[in-house]
Amino acid sequence: MSFPWAKHYTPAHPFMKWMDDRLPIPRLVYNAVGGGYEVPRNLNYFWNFGFLAGLCLVLQIVTGIVMAMHYAANTAVAFDTIEMTVRDVNWGWLMRYAHANGASAFFVVIYIHIFRGFYYGSYKAPREMVWLLGVVIFLLMMATAFMGYVLPWGQMSFWGAKVITGLFGAIPFVGEPLQQWLLGGFAPDNAALNRFFSLHYLLPFVILGVVILHIWALHIPGSSNPTGVEVKSSSDTVPFYPFYVAKDGWAIGVFAILFAIAVFYFPNALGHPDNYIPANPMSTPAHIVPEWYFWPFYAILRAFTQDFFFIPAKLMGVLAMFGAILVWFFLPWLDKSPVRSGGYRPLYRKFFFFGLIPAMLVLFYCGGAAAAEPYVMISQLAALYYFAHFLIIIPVVSAIEKPLPLPFSITESVLGKDDEAVLDVSAAPASAV
Amino acid sequence: MARILSILVGLFFTVALAWSFGKGAYTQITEPPAATAEHEFHLHPKELHLASDGPFGKFDKQQLQRGFQIYKEVCSACHSLSHVAFRDLAALGYSEGQVKAIAAGFQVPGVDPTTGEANTRPGLPTDYFPKPFANDTAARAANNNAIPPDLSLMTKARHEGGPYVYSLLTGFQAQPAALLKEFPDAKTPDGLHYNPYFANLNLAMAPPLTADGQVESSPGNPKPTVDQMAKDVSAFLVWTAEPKLEKRNQTGLAVVLFLIFATVLGYMSYRNIWAGKKH
């Protein structure tokens, strides 16, 4: 994308000119994350999480490739090869813990990224495609993480795989044959482990591809911003380099500190102890729980305890669990409010902070708790709100709400007046470049 | 149109959930779930402080050696330690010669070089700790139908693993009268042993540490009371589960300090670049 005032790439070195004439990769980078990408000046720290998510993906791919060098996808030895990696491979423990906690970090970042989108209406025109691709990435991440958790072939790996693949059995008529076809057997076994490993190695690169599309689609209209007011003039934006490179840079530092503390001092805090017990199909764990990042959706799955007319409870749960994410695809068309940012939408804002966020946190908690009362009843209420929020409240609110007056421009929202347009933005970074 | 469709789909899910909630609430009121002995009498692990705790934790090698001695003389009769090799014991402060001697004290599966028949031979440092039972069936047959679990990862395979092992080893007791009064059906079956730190209160393992001085103590070490032995073997199993703990702690300190330094620099350059640019 390009605003008229965006700087153009001019190769300084003869080699870069030679390169630019033949394969303009330097130009691509310059326009994507360099001085050629003009970004609203008023982004807050929630806008750092896209960059952090990209970092997490790279981290997972790098540590994952190293893990794969020492791993064997065979039910007889899979558990032992992970232990060998941790005990006998140089820095193997670091790779393992970084990869396992990297998945958690990725989901922390992505949940914040998604909820930033909810609050600031990032899904609205003209960024629907950015949003849709983002939901695709999230679904791919969930599939990848699920299959990755199966690979160590511990108790939770096996039983988690059994429960989740069992969901396909709820599909009428074709469910059971479909489940057996997907697993290559009647229960998760060597065939399943092998294909999960194959897909676990493949999907991250698919994610990488969709991430590129996600960024491409983002660069057409350019980044959104906390006011939701579109960019109007050159005083509204700053070039990505150096401004947002510097801001992302120090955000990466904060993220890396927190991540290092988790990896080096609490490497098993987010895992389940049962996964240090080798898989045993004859012994069911007391509580089968997936990894924490699936808990809200697992809670929704379990919230449907009663058959609904002719639909069995299990099928309702499966429909709802997938529906809970699929509904995000429709968000750009459910939320008709012309105002993007929750900051100027008093009613939407209330439902976001006092409805959606608490409901999501409750679902998180209940999904990790035992499938017993009172957690099931609490999760039923939270799930009820969740569906009501997206499918009923958002369409109704967007119809009846009276939004607050929007600032004239991003510059006005920052300075209280918009008279900086005369000052050239490119003057500011001169000292820094 | 989209709005009406959306509200209808929303009603479908919310009504189904309300229905599930209503039925669940009704069941709760009419048939409140019965209390269980496990729920009321299960105890959380006791406190246990080890030298390896915390971000600056280091293993107490003397204690690990004592714990290893207890594993060797008591636990190894039934429990395997299959992820640990004899060579790993060098980390406990044993010399190369001592490791060789320890390994040679164990018989490991081998092959007769002349006949090719399966036999046993003295262990080498590269060997792993041998399993006490040939297979699960043999393990069950010898242990009242329970398989003694492998101990390599035990302290990571339970919540609060170190304290858990310590509590379990010191937690055997007679079944409380209050339990039997409230749950007459929950009497510990013959052949099992009551222990409130075990998830379902009754376990097949008989109390393994029964008498002070059960293992011989060497000079300079604390008296081997049951409590001390339980602590030592718990410390040893923390090591078997996480042998790289010290290196992890030390590396972590260096990494975090470096990252704080780099982040401060990053923050300063961020402030510098954005100086004069209101946002």
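Residues numbered from 1 in each chain as written. Chains lettered and ligands numbered in written order. Predicted model: local features only at pLDDT ≥ 70, side-chain atom pairs only at ≥ 80, totals over all residues.

Description of the overall build of chain B
In step 1: From N to C terminus, chain B includes 9 helices and 4 strands.
In step 2: Against the globule reference of 19 Å for 279 residues, chain B gives a C-alpha radius of gyration of 27 Å, more extended than a compact globule.
In step 3: The principal-axis extents of the C-alpha atoms in chain B amount to approximately 85 × 70 × 45 Å.
In step 4: The 279 residues of chain B split such that 29% are buried. (Helix = DSSP H or I, 4+ residues; strand = E, 2+ residues; numbered from the N terminus. Rg over C-alpha atoms; globule rule 2.2 N^0.38 Å. Buried ≥ 20, exposed ≤ 12 C-beta atoms within 10 Å, placed from the backbone.)

As for the overall build of chain A
In step 1: Per the secondary structure count, chain A includes 15 helices and 2 strands.
In step 2: For a compact globule of 433 residues, the expected C-alpha radius of gyration is about 22 Å, and chain A comes in at 24 Å, within 12% of that figure.
In step 3: For the C-alpha atoms alone, the extent of chain A along its principal axes is close to 75 × 55 × 40 Å.
In step 4: Here chain A holds 433 residues, and 48% of them are scored as buried.
In step 5: Intrachain contacts of chain A at a sequence separation of at least 6 include 77% that bridge at least 24 residues. (Contact = placed C-beta atoms within 7 Å.)

Quick look at the interface of chain A and chain B
In step 1: In this assembly, 53 residues from chain A lie in contact with 49 residues from chain B.
In step 2: Those elements that provide at least two residues to the side of chain A that touches chain B are helix 4 (78–88), helix 10 (240–265), helix 12 (313–334), helix 14 (375–400) and helix 15 (410–415) of chain A.
In step 3: The greatest single-element share of the side of chain A that touches chain B, amounting to 14 residues, is contributed by helix 10 of chain A.
In step 4: Of the residues that constitute the side of chain A that touches chain B, the class distribution is 39 nonpolar, 8 polar and 6 charged. (Nonpolar A, V, L, I, M, F, W, Y, C, P; charged D, E, K, R; others polar.)

Observations regarding the pairing of strand 1 (residues 107–111) of chain B
The side chains of a regular strand alternate, first on one face of the sheet and then on the other.
In step 1: Pairing of strand 1 of chain B with strand 2 (residues 118–122) of chain B involves 5 bridges; the strand directions are antiparallel. Looking at strand 2 of chain B, one finds that Gln107(B) is bridged to Pro122(B). (Pairing = 2+ DSSP bridges.)

Concerning unusual backbone geometry
In step 1: Of the consecutive residues Ala125(A) and Pro126(A), the connecting peptide bond is found in the cis state with omega at 5°.
In step 2: In this structure, Pro126(A) sits in the loop between helix 5 (92–120) and helix 6 (128–150).
In step 3: With a phi close to 50°, Phe309(A) is a non-glycine residue in the positive phi region.
In step 4: Turning to its location among the elements, Phe309(A) is positioned in the loop between helix 11 (295–303) and helix 12.
In step 5: Phi at Leu201(B) is positive, roughly 75°, even though this residue is not glycine.

Focus: the domain arrangement of chain A
Residues and elements named next belong to chain A.
In step 1: In terms of domains, chain A is made up of domain 1 (30–288) and domain 2 (298–402).
In step 2: Between domain 1 and domain 2, the C-alpha centre-to-centre distance is 23 Å.
In step 3: Listed by partner, the interface residues are 20 residues for domain 1 and 19 residues for domain 2.
In step 4: Elements with a contribution of two residues or more to the side of domain 1 that touches domain 2: helix 5 and helix 6.
In step 5: With 6 residues, the single largest contributor to the side of domain 1 that touches domain 2 is helix 6. (Domains from an automatic or database assignment.)

Focus: the packing of helix 13 (residues 346–368) of chain A against helix 14 of chain A
Residues and elements named next belong to chain A.
In step 1: Where helix 13 contacts helix 14, the two axes come as close as 9 Å, and the packing angle between them is 150°. As summarised for this structure, helix 13 and helix 14 are arranged roughly antiparallel, according to the angle between their axes. Handedness of the helix 13/helix 14 crossing: left-handed. Contacts between helix 13 and helix 14 pair Leu347, Tyr348, Phe351, Gly355, Leu356, Ala359, Val362, Leu363 and Cys366 from the former with Tyr375, Ile378, Ser379, Ala382, Ala383, Tyr385, Tyr386, His389, Ile393 and Val397 from the latter.
In step 2: Here the contact of helix 13 with helix 14 is built from residues that sort into 16 nonpolar, 3 polar and no charged. (Axes fitted to C-alpha atoms, helices over the stretch in contact; angles between N-to-C directions. Parallel < 35°, antiparallel > 145°, perpendicular 65-115°, else oblique. Left-handed = near helix turned anticlockwise from the far one by under 90°.)

Notes on the UniProt feature "domain: Cytochrome b/b6 C-terminal region profile" (unreviewed entry) in chain A
In step 1: UniProt records the feature "domain: Cytochrome b/b6 C-terminal region profile" (unreviewed entry) at residues 230–408 of chain A, using the numbering of this structure.
In step 2: Secondary structure content for residues 230–408 of chain A is 59% helix and 2% strand, and the end C-alpha separation is 10 Å. (UniProt positions renumbered as here; feature names shortened; annotations may be inferred.)

Focus on helix 12 of chain A
Residue and element names in this part refer to chain A.
In step 1: For helix 12, built from 22 residues, the straight-helix expectation of 32 Å at 1.5 Å per residue is missed by more than 12%, its first-to-last C-alpha distance being only 27 Å.
In step 2: Maximal helix bending in helix 12 amounts to about 40°, located at Trp328; proline Pro332 follows within four positions.
In step 3: Every buried residue of helix 12 is accounted for by Met316, Gly317, Val318, Leu319, Ala320, Met321, Ala324, Val327, Trp328, Phe330, Leu331 and Leu334. (Expected span 1.5 Å × (residues − 1). Bend = angle between axes of the 7 residues up to and from the residue.)

Considerations on the packing of helix 12 of chain A against helix 1 (residues 2–30) of chain B
The description of two helices packed together rests on the angle between their axes and the distance between the axes.
In step 1: Where helix 12 of chain A meets helix 1 of chain B, the closest approach of the two axes is 12 Å, and the angle between their N-to-C directions is 155°. When the axes of helix 12 of chain A and helix 1 of chain B are compared, the pair comes out roughly antiparallel. For helix 12 of chain A against helix 1 of chain B, the interelement crossing comes out left-handed. Residues Met316(A), Ala320(A), Gly323(A), Trp333(A) and Leu334(A) of helix 12 of chain A pack against Ala2(B), Ser6(B), Phe13(B) and Ala16(B) of helix 1 of chain B.
In step 2: Within the contact of helix 12 of chain A with helix 1 of chain B, the residues separate by chemical class into 7 nonpolar, 2 polar and no charged.

What to know about the UniProt feature "domain: Cytochrome b/b6 N-terminal region profile" (unreviewed entry) in chain A
In step 1: The UniProt entry lists residues 15–227 of chain A under the feature "domain: Cytochrome b/b6 N-terminal region profile" (unreviewed entry), expressed in the numbering used here.
In step 2: Between the C-alpha atoms that bound residues 15–227 of chain A the distance is 42 Å, and the span itself is 72% helix and 1% strand.

Here's the deal with the nonpolar core
In step 1: Leu52(A), Phe106(A), Val109(A), Ile300(A), Leu363(A), Ala383(A) and Tyr386(A) are the most contacted members of the largest nonpolar core, which totals 122 residues.
In step 2: A per-element tally of this core places helix 5 of chain A first, with 17 residues.
In step 3: Two domains share this core, each providing at least three of its residues, namely domain 1 (30–288) and domain 2 (298–402) of chain A.
In step 4: Non-local contacts of Tyr386(A), meaning those with residues more than four positions away in its chain, are made with Ile300(A), Ala324(A), Ala359(A) and Leu363(A).
In step 5: The next biggest cluster of nonpolar side chains, apart from the first, holds 39 residues, and it includes Leu48(B), Leu81(B), Phe129(B) and Phe236(B). (Core = buried A, V, L, I, M, F, W, Y, C linked by C-beta atoms within 7 Å.)

Considering the environment of Gly110(B)
In step 1: Its place among the elements puts Gly110(B) in strand 1.
In step 2: Not counting residues within four places of it along the chain, the set of residues in contact with Gly110(B) comprises Asn119(B), Thr120(B) and Arg121(B).

Some words on the confidence of the model for chain A
In step 1: Per-residue pLDDT for chain A averages 93, and the proportion of residues at 70 or more is 96%.
In step 2: Every residue in residues 422–433 of chain A is under pLDDT 50, and counting partners more than four places away or in other chains gives 15 contacts. (pLDDT = per-residue confidence, 0-100.)

Some details on helix 7 (residues 155–166) of chain A
Residue and element names in this part refer to chain A.
In step 1: The end-to-end C-alpha distance of helix 7, which contains 12 residues, comes to 16 Å, matching closely the 16 Å that a straight helix rising 1.5 Å per residue would cover.
In step 2: Among the 12 residues in helix 7, 9 count as buried, and that is most of the element.
In step 3: Along helix 7, the residues that are buried comprise Gln155, Met156, Ser157, Phe158, Trp159, Gly160, Ala161, Ile164 and Thr165.
In step 4: Check the buried side of helix 7 and you find it contacts helix 6, helix 8 (175–183) and helix 9 (190–219).

A short note on the environment of Thr251(B)
Residues and elements named next belong to chain B.
In step 1: Positionally, Thr251 belongs in helix 9 (residues 245–274).
In step 2: On the basis of neighbour counts, which here come to 17 C-beta atoms within 10 Å, the residue Thr251 falls in the partly exposed class.
In step 3: Distance from Thr251 to Ser269, taken between C-alpha atoms, is 27 Å for residues 18 residues apart in sequence.

Some words on the environment of Leu361(A)
All names here are of chain A.
In step 1: Summarising the element assignment, Leu361 is placed in helix 13.
In step 2: Under the C-beta neighbour-count criterion, Leu361 is labelled exposed, with 12 such atoms within 10 Å.
In step 3: On a C-alpha basis, the gap between Leu361 and Ala382 in space is 9.0 Å, while along the polypeptide they are 21 residues apart.

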